[in-house]
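Structural overview
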Amino acid sequence: MHEIAQIPWGVSLAYLAAGVLFILALRGLSSPATSRRGNRMGMIGMAIAVATTLYTHDVVSLPEIIGAIVIGGGIGFIIARRIAMTDMPQLVAAFHSLVGMAAVLVGAAAFLNPGAFGILDVVTGEIHNASRIEMGLGVAIGAITFSGSVIAFLKLNGNMSGKPIMLPARHLINLGTLAAILGLIGYFVTDQSPWIFWTVTALSFIIGFLLIIPIGGADMPVVVSMLNSYSGWAAAAMGFTLGNSAMIITGALVGSSGAILSYIMCKAMNRSFISVIAGGFGADAGSAGAGGPVIDRAYKRGSAEDAAFLMKQADSVIIVPGYGMAVSQAQHALREMGDLLKAEGVKVKYAIHPVAGRMPGHMNVLLAEANVSYDEVFELEDINSEFAQADVAFVIGANDVTNPAAKTDKSSPIYGMPILDVANAKSVLFVKRSMGGAGYAGVDNEVFYMDNTMMLLADAKKMVEEIVKGLAH
Amino acid sequence: MDFISILSVFVLACFVGYYVVWSVTPALHTPLMAVTNAISSVIIVGALVASAEAGSAAAKYLGLLAVVFASVNIFGGFAVTERMLAMYKKKERK
């Protein structure tokens, strides 16, 4: 049995080294050039943490442990190899759920065998008071991460409708459940009965489920980041229980990373975190536009040949990709289009809105997959002023992030959201499946009806392939 | 470690995390999520303790299951991050 105080200093140093390597792993991501070295450091850190743990415990079940690592590792490796880049948001949500579940299992194991974790009070033979709170919180956060991520996965993967599901009195139910969880964790300090521990676990699974079902598909970037943050806090709470610095450092890193990403996403939508969590956004998408019911407004419809001709004549084209590009897997055709335009001497750039897609950085990964050089891809604030000088803005599968109503219409649900000023370009080509469906916010977009806009109504990938054909001859 | 030193490590790490993550370029936010996913599976340390120590058969099996889950994440997370990062290329000018 291991008393925390007896951990030799070399072991603590090893865990500290693992923590520092994890910090360096994130630091590497400040630029694509250093990112792969950073990732390797993360791997080394993990190897150190695992090896140190196995080395310092009287391992009675090494074959089983190695078997478990091989099985899990094999599954993970195969998934990582096979997954399509467009499915990355689902994959990340699924991975979050595993971290959450692992935290719950570790918490449960610590409760059943506290001696192994060195959290028993030598005098009373009961679990330390502080450990009970840490354990309770760790299990609760882990369970919320698990069930929340499962719902996020189902929504992102299309197994469940992306539409918000609204229960009556859901705020009351949610707040009541949260209060019950916190109250029980507090009570756990005075009474170590198993029923309290298991009730906390069960209620946390339920609240994770309840919290995510009312949140619509378009708010998923925030949800995925938020669950990322939770998985970190769960690891940190378990780190407190074990007095393990590698776990605490990592938990804090991941927790703040997810929190910052949620903040960036909320800011990019001009929405408060609370309003996202409260859910329901996009519930009546398509029914109530800002300008009232929109019927039969005049717009110009163009063909692929028109678009190819227009872009061939242009000096500069800025491409604005959105979730629609991911859905129709148009990124490869799009890169081909870009290459042909560049061969014609056209300057091609890509403009990415922070909330384009279903997770932070989603569009960047897809463009990178299609071999678009990352120095052609720009963030909103770096490129927005260039639309005014651009000949063509080519919008593909994005909508709300280009809507000028965000600047002009105070009654619009997206008012205040920073947008890409595609309307400033000399002409706008807007690839969209049909005129019917508005964006996630259910708001009509003035850009559709401008004189210099040409609507290209088709599946994004088919349309781009047609344009490529048009450019080729 | 006593509670206060653990808490100090935690609070300082939060600050480090705050500054490090703000310096991550937005283009790499998806790999950031994948790699934070992988490293948060350092929770495997707890799972290993549970499955390694004698004392409770139930705890051992819960621990082993947690080892499986965390390993999926560790190998999957790092591998998928590596795969994504390999795609970020700068094209040589012709």
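Heads up: the structure comes first, above all this text.
Below or above, wherever it landed, is the structure these notes cover. All figures in this text were calculated on a predicted structure; none of them were measured in a lab.

**With respect to the overall build of chain B**
Scanning chain B from N- to C-terminus turns up four helices and zero strands. The order of α-helices and β-strands along chain B, N terminus first, is α-α-α-α. For chain B, whose C-alpha radius of gyration is 18 Å, the value lies well above the compact-globule estimate of 12 Å for 94 residues. For chain B, with 94 residues in total, the buried portion stands at 63%. In chain B, once contacts between residues fewer than 6 apart in sequence are set aside, the share between residues at least 24 apart is 65%. Roughly 3500 Å² of accessible area belongs to chain B as shown, and the carbon and sulfur atoms make up 72% of that amount.

**Regarding empty space enclosed by the protein**
Picture a little ball the size of a water molecule; that probe, rolled over the atoms, points out where space is still empty. Under the counting rule described, the total for this entry stands at one cavity of 30 Å³ or more. As a volume, the largest cavity reaches approximately 30 Å³. Considering the residues around the largest cavity, the lining is formed by N364(A), L367(A), A368(A), V372(A), Y374(A), V377(A), A27(B) and Y88(B). For the lining of the largest cavity, the leading source of residues is helix α14 (residues 362-369) of chain A, giving three residues. In terms of residue class, the lining of the largest cavity is built from seven nonpolar, one polar and no charged.

**Structural notes on the packing of aromatic side chains**
Using the criterion set out here, one finds 14 aromatic pairs over all chains in the structure. Ring centres of F111(A) and W198(A) lie 6.4 Å apart, and the angle between their planes is 90°; on these two criteria the pair is classed as edge-to-face. Taken together, the positions of F111(A) in helix α4 (residues 88-112) and W198(A) in helix α7 (residues 194-212) put the pair 87 residues apart, joining distant regions of the chain. Taken together, a centroid distance of 5.3 Å and an interplanar angle of 70° make the contact between F240(A) and F10(B) edge-to-face. Residue F240(A) is located in helix α8 (residues 220-242), and its partner F10(B) is located in helix α1 (residues 3-22); the two belong to separate chains. Just as F240(A) is buried, F10(B) falls in that class too. An aromatic cluster of at least three residues, connected via ring pairs, comprises F111(A), F188(A), F197(A) and W198(A). The side chain of R358(A) reaches across the aromatic face of Y323(A), ending 3.7 Å from its centre.

Rules used throughout
- Residues numbered from 1 in each chain as written.
- Chains lettered and ligands numbered in written order.
- Predicted model: local features only at pLDDT ≥ 70, side-chain atom pairs only at ≥ 80, totals over all residues.
- Heavy atoms only, no water.
- Helix = DSSP H or I, 4+ residues; strand = E, 2+ residues; numbered from the N terminus.
- Rg over C-alpha atoms; globule rule 2.2 N^0.38 Å.
- Buried < 20%, exposed > 50% of the residue type's maximum accessible area, 1.4 Å probe, protein only.
- Contact = heavy atoms within 4.5 Å.
- Areas by Shrake-Rupley, 256 points an atom, 1.4 Å probe, with all protein chains shown as cover.
- 1 Å grid on protein atoms, 1.4 Å probe; cavity = no way out; pocket = protein on both sides within 12 Å on 5 of 7 lines; lining within 4 Å.
- Points joined across faces, edges and corners; volume = space filled by probe spheres on them.
- Nonpolar A, V, L, I, M, F, W, Y, C, P; charged D, E, K, R; others polar.
- Phe/Tyr/Trp six-rings, centres within 6.5 Å; stacked < 30°, edge-to-face > 60°.
- Lys NZ or Arg CZ within 6 Å of the ring centre and 35° of its normal.

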